[in-house]
Amino acid sequence: MSVKMLTVSVDEGEQRLDKWFKRRFPHVTQGAVEKMCRTGQIRVDGGRVKASDRIEPGMVIRVPPLPDPNDDRRELPSRITKADAQMIQDAVIFRDEHIIVLNKPAGLPSQGGSGQGNRHVDGLAEALKFGYKDKPKLVHRLDKDTSGVLMLARTDRVARALSEALRHRNARKIYWALVAGVPQPKKGSIKYGLMKAGGRDEKMVCVHPAKMSEHPDAKRAHTDYFVLWFLGTRMSWMALEPVTGRTHQLRAHMAEMGHPILGDGKYGGSGQENMGDGWGGGIGGEMSRKLNLHARQLTIEHPILKTEMTFVAELPDHMDRAFRLLDMKPGDVPADPFEG
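Residues numbered from 1 in each chain as written. Predicted model: local features only at pLDDT ≥ 70, side-chain atom pairs only at ≥ 80, totals over all residues. Heavy atoms only, no water.

An unreviewed UniProt entry annotates the protein chain as Pseudouridine synthase originating from Falsirhodobacter algicola. The Sequence similarities (unreviewed entry) comment attached to the protein chain in UniProt states, word for word, "Belongs to the pseudouridine synthase RluA family." What UniProt records for the protein chain under Function (unreviewed entry) is the sentence "Responsible for synthesis of pseudouridine from uracil." (UniProt positions renumbered as here; feature names shortened; annotations may be inferred.)

Below is the structure:
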């Protein structure tokens, strides 16, 4: 590709140079745009510029030779396949100079473990550098089989700020789940403590709030829930807000209520008592083959801009099919039923 001289059109209006560049050449990273500005390769009306400078219709932008958009993963470590790099990059729902937000696919672990190799979000984060020297860092996790909003920090400073916000619960997370039966009442809180059951499956067991003193290893846990829609006594579409963030909290709490999440083989087995009509989490058919738990929405203050931001993740394929089958439409329910 040779040097091009491109004129900002009236339709493109007034905007930042880097924003204009990303719209014209989406395969070029933010870091690359900034570097080309610093070295004078990108110029506006013949003058040197910064990536953050504003441009207007009629201005002429010098665009240097750019990399082939089909070869932008050539610097990936050999252990990351092009298919995996494409998968994790396609999962990005927001990114700026400070944070990256993913819609994590169901079945992909957040971090490595026994037998996981490098095929987890942390291991694939090399494909999310987008021109930065270091890979982004996880600041929280989702279970392997839980899909949805997952945030990474692009610098150590931002990682510390986000970790602090999450630790002090200055963030709101809303999950969607399909569960067996219909909880009564249809809005409430679950405050059973959680402790490890022991054994190889790392299962958590619930402890009644009145018995917490008898179990020193138990940790306080609090989940708010709201029934968004229900099918007779058979099944409910739930909004769940984890006020605390314990391992397997939502799955263990819903099972303790007698309403396990569909597809939850760990907490919703066939012996699970159910307040609806006796189902466990494995109810048969397409809907129970995968865990129907999705981190739908995260609201948090941007660590640098200090503005409140809300990120929403579309449903994974298996839950989308279930919603279509049952004619449930995400737009028919409040985004935040716990508000107010």
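Chemist: So what exactly am I meant to see when it comes to the pattern of salt bridges here?
Modeler: The full count for this structure, using the stated rule, is 16 salt bridges. Note that R16 is salt-bridged to D18, the shortest N-O span being 2.6 Å. On the accessibility criterion, R16 (26% relative accessible area) is partly exposed. A salt bridge links D122 to K135, with the shortest nitrogen-to-oxygen separation between them at 3.7 Å. Here the residue D122 occupies a position in helix α4 (residues 121-124), and K135 occupies one in the loop between α4 and β9 (137-138), the gap between them amounting to 13 residues. Its relative accessible area of 23% is what places D122 among the partly exposed residues. Connected via shared salt-bridge partners are R16, D18 and E97. (Salt bridge = Lys/Arg side-chain N within 4 Å of Asp/Glu carboxyl O. Buried < 20%, exposed > 50% of the residue type's maximum accessible area, 1.4 Å probe, protein only. Helix = DSSP H or I, 4+ residues; strand = E, 2+ residues; numbered from the N terminus.)

Chemist: Help me understand the packing of helix α1 (residues 17-24) against helix α2 (residues 30-38) in this model?
Modeler: Relative placement of two packed helices is described by the angle separating their axes and the distance separating the axes. Interhelical geometry of α1 versus α2 gives an angle of 125° and a closest axis separation of 10 Å. Taken together, the axes of α1 and α2 are oblique relative to one another. In the packing of α1 onto α2, the handedness of the crossing is right-handed. Contacts between α1 and α2 involve L17, D18, F21 and K22 on the former and, on the latter, Q30, V33, M36 and C37. (Axes fitted to C-alpha atoms, helices over the stretch in contact; angles between N-to-C directions. Parallel < 35°, antiparallel > 145°, perpendicular 65-115°, else oblique. Left-handed = near helix turned anticlockwise from the far one by under 90°. Contact = heavy atoms within 4.5 Å.)

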